[in-house]
Amino acid sequence: MKNIAVITGTSTGLGLGVSKVLAEAGWKVYATMRNLKKGTPVKELQQKGLDIELLQLDVQSQASVDQAVQTVIDREGRIDLFINNAGVGYVQNTEQSSEHDYQRIFDINTYGQIRCTKAVLPHMREQRAGRIVSISSVGGLVGQPMNEIYCASKFALEGYYESLATYVTPYFGVEFMIVEPGGISSEFAKSVLSDIENKGGFPKDAYEPVLNDYMSQRDHHDSGVFQTPEEIAEIMLMELEKDTLPLRMRTSEWSEEFTKLKTSADPTGLKQTAMVTSSLLGK
């Protein structure tokens, strides 16, 4: 009997890479996306004989999320793994951001994952098993220049899943894992720059020297920062094959080094959650 995985945001990038890697490892994968017209890459994987089904899911709509989750439950009877991958990047500072901008970033990056978790958690709780994975970022641990809105949306996810892990795991057997990559060599970065260009480019304002320094340093460090979606997916699979998940995992030496001042005392996050569970729940 195959394990059943549901993955959001699978039209490109990491979502597509994880879908491929899991299916190659013998999983039955439901690859979801908001716009099924972008499903050609998934269909190409199907044509190669991989056990992947395409399913519509819009993380900005609770009704859409609920319908997708129920569809999988009706077909398979369970969901073993749900990967919250759908997200958007954003490089602009607070003064340059509109209320619409930061509401959109939070609605997709943060509320989108909460909607999905809300939908799938009752089924996993009832079966007293299951794993929910959140694709976060090193930006969920370390604030970065010109990225405060994006980082805030990821910091929120870190607190959300850390909190869930303190009681849902010990009481109901559902595990959580937060994945914290550095950079991903995919359409993700291109879409961030395209979004900025569509708005007329970066403003010529007091922050221009900061942005220039940030972009030049980013280019300088590209060789150590960026991983391919498939590389990250393979690292995730190694963790998913273990009996116990870490709460947090970085995916490269660069991401470990970048976050080590915050992670060195508790790299996996399991010590902290165990302490909280013991202190506040007596478990």
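See the structure shown above.
Keep in mind that what you see is a predicted model, and the values were worked out from it rather than measured.

### Details of the overall build of the chain
Okay, so step 1: Per the secondary structure count, the chain includes twelve helices and nine strands.
Okay, so step 2: Its C-alpha radius of gyration of 19 Å places the chain within 12% of the 19 Å reference for a compact globule of 283 residues.
Okay, so step 3: By its C-alpha atoms, the chain is 55 × 50 × 35 Å across when sized along the principal axes.
Okay, so step 4: Looking at the chain as a whole, 49% of its 283 residues qualify as buried.
Okay, so step 5: Partitioning the contacts of the chain with sequence separation of at least 6, the portion at a separation of at least 24 is 70%.

### Looking at the pairing of strand 5 (residues 130–135)
Okay, so step 1: Within strand 5, six of the six residues are buried, which leaves it mostly tucked inside the rest of the structure.
Okay, so step 2: Burial along strand 5 is two-sided: G130, I132 and S134 and R131, V133 and I135, pointing in opposite directions, are all buried.
Okay, so step 3: For strand 4 (residues 81–84) and strand 5, the ladder comprises four bridges, and the chain directions are parallel. Residue pairing across strands places L81 opposite R131, the latter belonging to strand 5.
Okay, so step 4: The pairing of strand 5 with strand 6 (residues 174–180) spans six bridges and is parallel. Across the sheet, the residue bridging to I132 is F176, located in strand 6.

### Side note on the sheet that holds strand 3 (residues 52–56)
Strand-to-strand pairing in sheets goes through backbone hydrogen bonds, with the strands running parallel or antiparallel.
Okay, so step 1: Taken together, seven strands build an open sheet; the order of strands is 3-2-1-4-5-6-9 and the sheet is parallel. Single-partner strands in this sheet number two, and they are strand 3 and strand 9 (248–250). When the angles between neighbouring strand axes are averaged without regard to direction, this sheet yields 20°.
Okay, so step 2: Of the pairings in the sheet, the one linking strand 1 (residues 4–7) to strand 2 (residues 28–33) comprises four bridges and is parallel in character. Within strand 2, the residue paired with I4 across the bridge is K28.

### Regarding unusual backbone geometry
Of all residues except glycine, most have a negative phi; of all peptide bonds, most are trans.
Okay, so step 1: Of note, the phi angle at R128 is positive, near 55°, even though the residue is not glycine.
Okay, so step 2: With respect to the helices, strands and loops of the structure, R128 is situated in the loop between helix 4 (99–127) and strand 5.

What counts as what
Residues numbered from 1 in each chain as written. Predicted model: local features only at pLDDT ≥ 70, side-chain atom pairs only at ≥ 80, totals over all residues. Heavy atoms only, no water. Helix = DSSP H or I, 4+ residues; strand = E, 2+ residues; numbered from the N terminus. Rg over C-alpha atoms; globule rule 2.2 N^0.38 Å. Buried < 20%, exposed > 50% of the residue type's maximum accessible area, 1.4 Å probe, protein only. Contact = heavy atoms within 4.5 Å. Pairing = 2+ DSSP bridges. Axes fitted to C-alpha atoms, helices over the stretch in contact; angles between N-to-C directions.

No statement about biological role is implied by the geometric values presented.
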